[in-house]
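Examining the three-dimensional arrangement
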Amino acid sequence: MDDLAQLLESKLDQRLRSHITKINLTSISRIPASRIKKTALPNIGSIELVSSEAFATSYDELYRSNFHGGERERSDLIVTRLQDDANGLREDLAPYRIIGIRDPAGRVAGGAQFSVLFLKDGRHAVPYLQYVYVRPENRRQDLSELMHTLTLAVAMADAAKRRGNEDIAVPFTLFETEPPVHGSSADKRATAAERTKIHSKSGSVALMLRRIADHRILSAHVQSGLEIGEPPLTYVWALRGNPGVALELRDDQMGKALVAAYYQSLRDEGFPEENIALAERMVEARYRGSEFCLMPLGDVTKEMYVDIDESESGMGGKT
Ligand SMILES: CC(C)(COP(=O)(O)OP(=O)(O)OC[C@H]1O[C@@H](n2cnc3c(N)ncnc32)[C@H](O)[C@@H]1OP(=O)(O)O)[C@@H](O)C(=O)NCCC(=O)NCCS
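Residues numbered from 1 in each chain as written. Predicted model: local features only at pLDDT ≥ 70, side-chain atom pairs only at ≥ 80, totals over all residues.

Here we take up helix 9 (residues 273-287). The end-to-end C-alpha distance of helix 9 is 21 Å, a good match for the 21 Å that 15 residues give at a rise of 1.5 Å each. Along helix 9, the residues that are buried comprise N275, I276, A279, M282, V283 and R286. One side of helix 9 carries all its buried residues, which in axial view fall inside an arc of 130°. Set apart from the buried face of helix 9 by more than 90 degrees, the exposed residues are E273, E274 and E284. At its buried positions, helix 9 is contacted by strand 6 (205-211), strand 7 (217-219), strand 8 (221-223), helix 8 (252-268) and strand 10 (290-296). Of the residues trailing helix 9, G289 is marked for its positive phi of about 75°. (Helix = DSSP H or I, 4+ residues; strand = E, 2+ residues; numbered from the N terminus. Expected span 1.5 Å × (residues − 1). Buried ≥ 20, exposed ≤ 12 C-beta atoms within 10 Å, placed from the backbone. Arc of directions from axis to C-beta. Contact = placed C-beta atoms within 7 Å.)

Now the structure itself:
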């Protein structure tokens, strides 16, 4: 057993431990086990794959206190998804997982909520991390680092389960972010700036489109409105590399497959079709004459994602 797996063994609940038993955790952790031992371990009572009941009774409150407005998915949808998963009703869909950490007294300290997207190429799986949060008194203890590592581990174990003849690699974690220039108030901008700083420290990069004719860089991410009547929002896709794999974008097809897998997962989860189709059309328009590229998150500017669409039924302006 590798160092990190050994360190965490007694903390993992049975379901999580048996799921990731074959994964070498040390090789996919950005920080060494010796640091985790000092920073995170003393503050952890247990680490679990969160059930629907545990989410509703213990995690939901912390989730809701960290995310607001249009960025937050409805809690009842999350509970239903976890219930369906436990009842074997999601076999053909992207696995949906929540990794949760409790303190030694059993109180919730943090959570990471993600879907595992399988790309059409049949060779890659990517955890799409929707939310990661740590309660204020447990911040700067490497808990989010640990949850990022376990997110990769769970996705790798899910990929191994689905494997046919070929290995399915998990090259990075996908998440969306708001650059610091986004946000209507100084408060929101400060939050976004802090998030960008944290993401950049982890070596995360933005996945963007570069227009070949004039080299203009555009965001490749339009989130569809999560509720009927809500407009699409342009955010920025970010990739956090799997420390065990070099972070590179193999080719344009991979970028497109990633974006397609995202919209497919929104469809699978039953988000409003009209909203999804609109967001997808907007991204496809941006594809024209462009290619995917990676760039530092801190280099993303307003011109790359604000008011960049030609106008799509008047709804694109909200971005
Ligand atoms: C973002 C968040 C999850 C980070 O959790 P955390 O457990 O405190 O982070 P970690 O201790 O694992 O630190 C991870 C890295 O980010 C750095 N970091 C964490 N918080 C930071 C801050 N406020 N400013 C600068 N760097 C910070 C750490 O130093 C570490 O980098 P290092 O290895 O180079 O030292 C937590 O601040 C949070 O819950 N914020 C509110 C919700 C949110 O914004 N979630 C993210 C968007 S989905």
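Moving on to the nonpolar core. Counting residues in hydrophobic clusters, the biggest one holds 80 residues, and the most contacted among them are L117, A125, V126, A153, L174, A206 and A238. With residues up to four places along the chain from it excluded, the contact list for A125 reads V116, L117, F118, A155, D158, A159, I168 and V170. (Core = buried A, V, L, I, M, F, W, Y, C linked by C-beta atoms within 7 Å.)

As assigned here, the protein chain comprises domain 1 (1-169) and domain 2 (171-319). If you average the C-alpha positions of domain 1 and of domain 2, the two centres end up 23 Å apart. Contacts between the two partners involve 23 residues from domain 1, matched on the other side by 21 residues from domain 2. Only strand 3 (108-118), strand 4 (125-134) and helix 6 (143-162) provide two or more residues apiece to the side of domain 1 that touches domain 2. Broken down by element, the residue count for the side of domain 1 that touches domain 2 peaks at 4 residues, all from strand 4. (Domains from an automatic or database assignment.)

This next bit is on the environment of Q113. Note that Q113 resides in strand 3. For Q113, a count of 26 C-beta atoms within 10 Å puts it in the buried group. Separated by 50 residues in sequence, Q113 and Y63 have C-alpha atoms that sit 9.6 Å apart. The residues touching Q113, leaving out its near neighbours within four places in the chain, are I98, Q130 and Y131.

If you trace the backbone, V108 turns up in strand 3. You can call V108 buried: it has 23 C-beta atoms within 10 Å. For the pair V108 and I44, spaced 64 residues apart in the sequence, the C-alpha separation amounts to 9.7 Å.

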